[in-house]
Protein chains: 2
Amino acid sequence: MQGTQDTPSQASYTATDRTVPTRAAHKASYDKDVVHAILDEGYVCHLGFVRDGAPVVLPTLYGRVGERLYVHGSTGSRPLRMAGQSDPGLAVCLTVTHVDALILARSAFHHSINYRSVVVHGIAHDVTDADEKRQALDALVDHVVPGRSQDSRPANAKEFAATAVLRLDLDEVSAKMRTGGVNDEPEDLALPHWAGVVPLRKGYETPVGDPDLAPGTELPDYLVADRACRQA
Amino acid sequence: MQGTQDTPSQASYTATDRTVPTRAAHKASYDKDVVHAILDEGYVCHLGFVRDGAPVVLPTLYGRVGERLYVHGSTGSRPLRMAGQSDPGLAVCLTVTHVDALILARSAFHHSINYRSVVVHGIAHDVTDADEKRQALDALVDHVVPGRSQDSRPANAKEFAATAVLRLDLDEVSAKMRTGGVNDEPEDLALPHWAGVVPLRKGYETPVGDPDLAPGTELPDYLVADRACRQA
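What comes next concerns the included structure. (Residues numbered from 1 in each chain as written. Chains lettered and ligands numbered in written order. Predicted model: local features only at pLDDT ≥ 70, side-chain atom pairs only at ≥ 80, totals over all residues. Heavy atoms only, no water.)

### A few points about the relation of the copies chain A and chain B
At an RMSD of 0.0 Å, chain A and chain B line up after a rotation of 180 degrees and a shift of 0.0 Å along the axis. Seen this way, the second copy is the image of the first under a two-fold rotation axis. A shared interface surface links the copies, since 100% of the contact residues of chain A are contact residues in chain B too. (Least-squares fit on C-alpha atoms with pLDDT ≥ 70 in both. Contact = heavy atoms within 4.5 Å.)

Structure, rendered in structure tokens:
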């Protein structure tokens, strides 16, 4: 999931009109490491596209290989078909968001959440090169659990043919986040309402093995060691 | 956050071309109780709209009052301004997704996640009625922590004027979900790869009080009791 070969001069994405927020621009970041970390921690993205003039937003799994994101689906699914039939591709907006904590202020107005999000604008292309498609499918599995593509049966020819993959280059990209505590007005500090930060739980609960596991199959280390450091 | 007065004949949303998935239609639901439960459990939605012909997807807080959803923001924020300036309003797609568990199959192809999502299509309208706007702002705070609007200072005139609220009626709506365990092919069951369900952790970590809490301010019961039953 890493594999970027950034030089110092390429360490940030170039801001565009679409990636500079109209509000709270100080919360925005174009740093590639920040963007990659947020993307790599997520499970689903929300993929937006336009159909018959109206917006559509669908949750979907994704994977990252360097500066490319991949989403996949059945060759019959709507956005996959639309991208395959469009020239030069399908205009999309792909967004990943983590909710880290609830911010309870004394004032209703200052209630908030601590979050980290990435928004990617661009054109999604159908991946037709077989090698790139295999690499993308591995990245999609490794995105769910790092290293998992090496511990599962790869797609056979039928499965490979039934799966469509879209590529979206990380080019027009921004991250946005809120961190820290409560920002109440000074005159509200004496109010009797509890105020503070409520962190949300992250990570894995105890994995539940399939009832038909082959005899002697042990829980792999990558499921034990990673239990506390990923998020929903 | 409840407050619906559904009669039995109104217990489902009417399916439309946009809300019937092209794939896995058996995973779709139009049941109002199912939709409401998914919406009420979320913290952020992903709001999609079209700007200059291209899709935009932004994460934002939301609240529900019966069959109406509300999002809010600064009066200067982009979608809020666009909706206020549009007639009859802004075409949006609002999506809420919960990731419940990772599904690790023996085959890469059958890796998946257990999830629950709701997709709402419709026209978002700027809320201009002051009473409806106050009710919406309460719903937004109560959505973060149920009951919290009664334990915080309501918006003053300046805060109220600086906040824009959009309403989206629950009309063209569907839920979609995956539950259950691993669906590997019969011929893969003897493979030595661990397979099973990895549930993701939900709920609150220990709340951290603001350092300037008024003397004697106790952690409210609603933060203790709810610790395990909400999700990120």
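### Brief notes about the environment of A:Ile103
By the secondary structure assignment, A:Ile103 is in strand 6 (residues 90-104). Between the alpha carbons of A:Ile103 and A:Asp138 there is a distance of 38 Å; along the sequence they are 35 residues apart. (Helix = DSSP H or I, 4+ residues; strand = E, 2+ residues; numbered from the N terminus.)

### Notes on the pairing of strand 9 (residues 172-178) of chain A
The two faces of the sheet receive side chains in turn, since in a regular strand these alternate between them. All names here are of chain A. Counted residue by residue, strand 9 has five buried out of seven residues, so it is predominantly covered. In this structure, strand 1 (residues 28-29) lies alongside strand 9, joined through two bridges in antiparallel fashion. Residue pairing across strands places Ala-28 opposite Lys-176, the latter belonging to strand 9. Where strand 7 (residues 112-126) and strand 9 come together, seven bridges link them in antiparallel fashion. If you follow Ser-117 over to strand 9, its bridge partner there is Lys-176. (Buried < 20%, exposed > 50% of the residue type's maximum accessible area, 1.4 Å probe, protein only. Pairing = 2+ DSSP bridges.)

### Section: the interface of chain A and chain B
Contact residues are listed per partner, giving 88 residues for chain A and 89 residues for chain B. Of the roughly 7600 Å² buried where chain A meets chain B, counting both sides, 64% is carbon and sulfur surface. Taken together, chain A and chain B are joined by six salt bridges. In this structure, A:Asp188 engages B:Arg153 in a salt bridge whose closest nitrogen and oxygen atoms are separated by 2.8 Å. Remark: the boundary between chain A and chain B carries 35 residue pairs in polar contact (both at pLDDT 80 or more). If you tally residues by element for the side of chain A that touches chain B, the top one is strand 6 of chain A, at eight residues. Of the residues that constitute the side of chain A that touches chain B, the class distribution is 48 nonpolar, 21 polar and 19 charged. (Buried area = accessible area lost by both parts, 1.4 Å probe. Salt bridge = Lys/Arg side-chain N within 4 Å of Asp/Glu carboxyl O. Polar contact = N/O pair within 3.5 Å; in protein donor to acceptor, adjacent residues only side chain to side chain. Nonpolar A, V, L, I, M, F, W, Y, C, P; charged D, E, K, R; others polar.)

Function-wise, these values are silent; they only describe arrangement.
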